[in-house]
Amino acid sequence: MKKITKKTYLKWYEDMLFWRKFEDKLAQVYIQQKVRGFLHLYNGQEAILAGALHVMDLEKDKMITAYRNHVQPIGMGVDPKRVMAELFGKATGTSQGLGGSMHIFSKEHRFYGGHGIVGGQIPLGAGLAFADKYFNTNAVTLCFLGDGAARQGSLHETLNMAANWNLPVVFCVENNGYAMGTSVKRTSSSEDIWKLGLAYEMPSGPVDGMDPTKVAEALDEAITRARAGKGPTFLDLKTYRYRGHSMSDAQKYRTKDEVEEYQKIDPISKVKKILLDKKYATDDDLKIIDKRVKDKVKECEKFADESDYPDKNVMYDVVYDQKDYPFISHKL
């Protein structure tokens, strides 16, 4: 694994702070109805992405996830201004404003969504890995899913195939404990989601998802194994989201005290403390980073605000009408 240095911690701090502030801005403009539909925020889970990016080969590795998907493409290299524009439904967005909040996508940067169907990305992640094995690219796919998606039958079908074919894929459960709003303990006879992978004889285990270092160590081992042709790994990344499942979530299933307890182990605060304790940065240094982050978020909002909405005809450019489509009767 690449050594974790002063530079790493500084990057983690600035990246995670930017992702947090970027989504805080999204929450603000959502109330102003500049972003429509559903909006699922990542606040609290940033250590998972930071740790993953540290050990991925961004020149060839791929990532796929569910609908809590706004900051991942930014980490993979997508211009954050285009991500915000997509959320605003603007023509300058990653999918010309047609995908919106839940369907960010960038083939160029090997980020394959953004999927609105719970668990829908799981078999697709294995499919990406199958293609890499078939074409011998030596790339690895990181397939992220929530603890709620772990209850989908497609997960078991995919784990079986991935293990049977030794696919270069790492299944990463971002286990924030509540799926949409029901705790893991109420939806499963076992709270140890990682044990699901053992049924398919693949390496599986729990990981502290609030610590980017722990995430990087676990994923480095899994990615190295996959790249060596030894097949998939199933990881249960224990994390927590500070906001609701979506902006419409009243969060009646948990207490404010519980949220406050988890905020004491906020990954951004953890990294900030390391920077100060190890004298990697001073308070003044961090203030400079904080200002840079705020300015960058303002640039993103300005770009999205000033961009045009797509022409209505664009919608017809991405669908087709097949007159002789089989099995459909045009007779009443």
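Below you will find a few notes about this structure.

## Looking at the overall build of the chain
Right, so step 1: Secondary structure summary: the chain contains twelve helices and five strands in total.
Right, so step 2: In summary, the chain has a C-alpha radius of gyration of 20 Å against a globular reference of 20 Å for 332 residues, a match within 12%.
Right, so step 3: For the chain, the spread of C-alpha atoms along the three principal axes comes to 75 × 50 × 45 Å.
Right, so step 4: Put simply, the chain has 332 residues, and 49% of those count as buried.
Right, so step 5: Look at the contacts in the chain between residues 6 or more apart in sequence, and 74% of them connect residues 24 or more apart.
Right, so step 6: If the 49 positive side-chain charges of the chain are averaged to one point and the 45 negative ones to another, these points end up 1 Å apart.

## Comments concerning the packing of helix 2 (residues 46-55) against helix 8 (residues 212-227)
Right, so step 1: Axis separation between helix 2 and helix 8 bottoms out at 8 Å; the angle between their running directions is 45°. As the angle between them shows, helix 2 and helix 8 are arranged oblique. The two elements helix 2 and helix 8 meet at a crossing, and its hand is right-handed. From helix 2, Ala-47, Ile-48, Ala-50, Gly-51, Ala-52, His-54 and Val-55 reach across to helix 8, where they touch Pro-212, Val-215, Ala-216, Leu-219, Asp-220 and Ile-223.
Right, so step 2: Split into classes, the residues belonging to the contact of helix 2 with helix 8 amount to ten nonpolar, two polar and one charged.

## Focus on the side chain of Asp-147
Right, so step 1: Mapped onto the secondary structure, Asp-147 falls in the loop between strand 2 (141-146) and helix 6 (153-164).
Right, so step 2: Buried within the structure, Asp-147 lacks any salt-bridge partner; its nearest side chain of opposite charge belongs to Arg-151, at an N-O separation of 6.2 Å.
Right, so step 3: In this structure Asp-147 touches Val-173, Glu-174, Asn-175, Asn-176, Gly-177, Tyr-178, Ala-179, Val-184 and Ile-193, once residues within four positions along its chain are discounted.

## Examining the pattern of salt bridges
Right, so step 1: Taken as a whole and assessed by the stated rule, the structure comprises 17 salt bridges.
Right, so step 2: Between Lys-34 and Asp-305 there is a salt bridge, with the nearest N and O atoms lying 3.2 Å from each other. Pair noted here: Lys-34 is in the loop between helix 1 (6-31) and helix 2 and Asp-305 is in helix 11 (residues 283-306), with a separation of 271 residues, a long-range link.
Right, so step 3: According to the relative accessible area criterion, Asp-305 is partly exposed, its value standing at 36%.

## Some words on the nonpolar core
Right, so step 1: Trp-19, Leu-142, Val-170 and Leu-219 are the most contacted members of the largest nonpolar core, which has 59 residues in total.
Right, so step 2: When residues of this core are assigned to their parent elements, the largest contribution, eleven residues, is made by helix 1.
Right, so step 3: Once you skip the residues sitting within four places of it in the chain, Trp-19 turns out to touch Glu-46, Leu-49, Ala-50, Leu-53, Val-71, Ile-74 and Gly-75.
Right, so step 4: Counting residues in hydrophobic clusters, the runner-up holds 21 residues, among them Ile-122, Ala-126, Leu-159 and Phe-234.

## Some points on the packing of aromatic side chains
Right, so step 1: Counted by the stated rule, this structure contains ten aromatic pairs.
Right, so step 2: On the basis of an interplanar angle of 85° and a centroid distance of 5.0 Å, the ring pair of Tyr-134 and Phe-135 is categorised as edge-to-face.
Right, so step 3: An aromatic cluster of three or more residues is present, and its members are Phe-130, Tyr-134, Phe-135 and Trp-165.
Right, so step 4: Between the NZ or CZ atom of Lys-90 and the centre of the ring of Tyr-309, over which it lies, the distance is 4.8 Å.
Right, so step 5: Residue placement shows Lys-296 over the ring face of Phe-18; its charged tip is 4.4 Å from the ring centre.

## Things to note about helix 2
Right, so step 1: In terms of burial, helix 2 is largely enclosed, as ten of its ten residues are buried.
Right, so step 2: By the burial criterion, the buried members of helix 2 are Glu-46, Ala-47, Ile-48, Leu-49, Ala-50, Gly-51, Ala-52, Leu-53, His-54 and Val-55.

## Considering a nonpolar patch on the surface
Right, so step 1: Taken together, the side chains of Leu-98, Met-315, Tyr-316, Val-318 and Val-319 make up a nonpolar region of the molecular surface, amounting to roughly 510 Å² of accessible area.
Right, so step 2: Tracing the sequence through the fold places Leu-98 in the loop between helix 4 (80-87) and helix 5 (121-134).

## Let's talk about the environment of Asp-308
Right, so step 1: Residue position: Asp-308 is located in the loop between helix 11 and helix 12 (314-317).
Right, so step 2: Contact partners of Asp-308, with chain neighbours within four places excluded, come to Lys-90 and Ala-91.

## Overview of the sheet that holds strand 4 (residues 204-208)
Right, so step 1: Strand order in the open sheet formed by five strands is 1-2-3-5-4, with parallel pairing between adjacent strands. Whereas interior strands pair on both sides, the edge strands pair on one side only; in this sheet they are strand 1 (62-64) and strand 4. Going across the sheet, the axis of each strand differs from the next one's by a mean of 25°, ignoring polarity.
Right, so step 2: Here helix 2 sits on the sheet in contact with strand 1, strand 2, strand 3 (169-175) and strand 5 (233-238), set at roughly 170° to strand 2.
Right, so step 3: In this fold helix 6 packs onto strand 2, strand 3 and strand 5, with an angle of close to 150° to the strand it touches most, strand 3.

## A word on unusual backbone geometry
Right, so step 1: Of the consecutive residues Gly-113 and Gly-114, the connecting peptide bond is found in the cis state with omega at 20°.
Right, so step 2: Looking at where Gly-114 falls in the secondary structure, it is placed in the loop between helix 4 and helix 5.
Right, so step 3: The phi dihedral of Arg-110 falls on the positive side, at around 60°, and the residue is not glycine.
Right, so step 4: Considering the arrangement of structural elements, one finds Arg-110 in the loop between helix 4 and helix 5.
Right, so step 5: Accessibility expressed as a relative area gives 18% for Arg-110, which makes it buried.
Right, so step 6: Of note, the phi angle at Lys-279 is positive, near 60°, even though the residue is not glycine.
Right, so step 7: In this structure, Lys-279 sits in the loop between helix 10 (267-277) and helix 11.

Conventions used here
Residues numbered from 1 in each chain as written. Predicted model: local features only at pLDDT ≥ 70, side-chain atom pairs only at ≥ 80, totals over all residues. Heavy atoms only, no water. Helix = DSSP H or I, 4+ residues; strand = E, 2+ residues; numbered from the N terminus. Rg over C-alpha atoms; globule rule 2.2 N^0.38 Å. Buried < 20%, exposed > 50% of the residue type's maximum accessible area, 1.4 Å probe, protein only. Contact = heavy atoms within 4.5 Å. Lys, Arg positive; Asp, Glu negative; His and termini not counted. Charge placed at Lys NZ, Arg CZ, Asp CG, Glu CD. Axes fitted to C-alpha atoms, helices over the stretch in contact; angles between N-to-C directions. Parallel < 35°, antiparallel > 145°, perpendicular 65-115°, else oblique. Left-handed = near helix turned anticlockwise from the far one by under 90°. Nonpolar A, V, L, I, M, F, W, Y, C, P; charged D, E, K, R; others polar. Salt bridge = Lys/Arg side-chain N within 4 Å of Asp/Glu carboxyl O. Core = buried A, V, L, I, M, F, W, Y, C linked by side-chain atoms within 4.5 Å. Phe/Tyr/Trp six-rings, centres within 6.5 Å; stacked < 30°, edge-to-face > 60°. Lys NZ or Arg CZ within 6 Å of the ring centre and 35° of its normal. Patch = residues over 30% accessible without salt bridge, like charges linked within 9 Å, V, L, I, M, F, W, Y side chains within 5 Å. Areas by Shrake-Rupley, 256 points an atom, 1.4 Å probe, with all protein chains shown as cover. Pairing = 2+ DSSP bridges.

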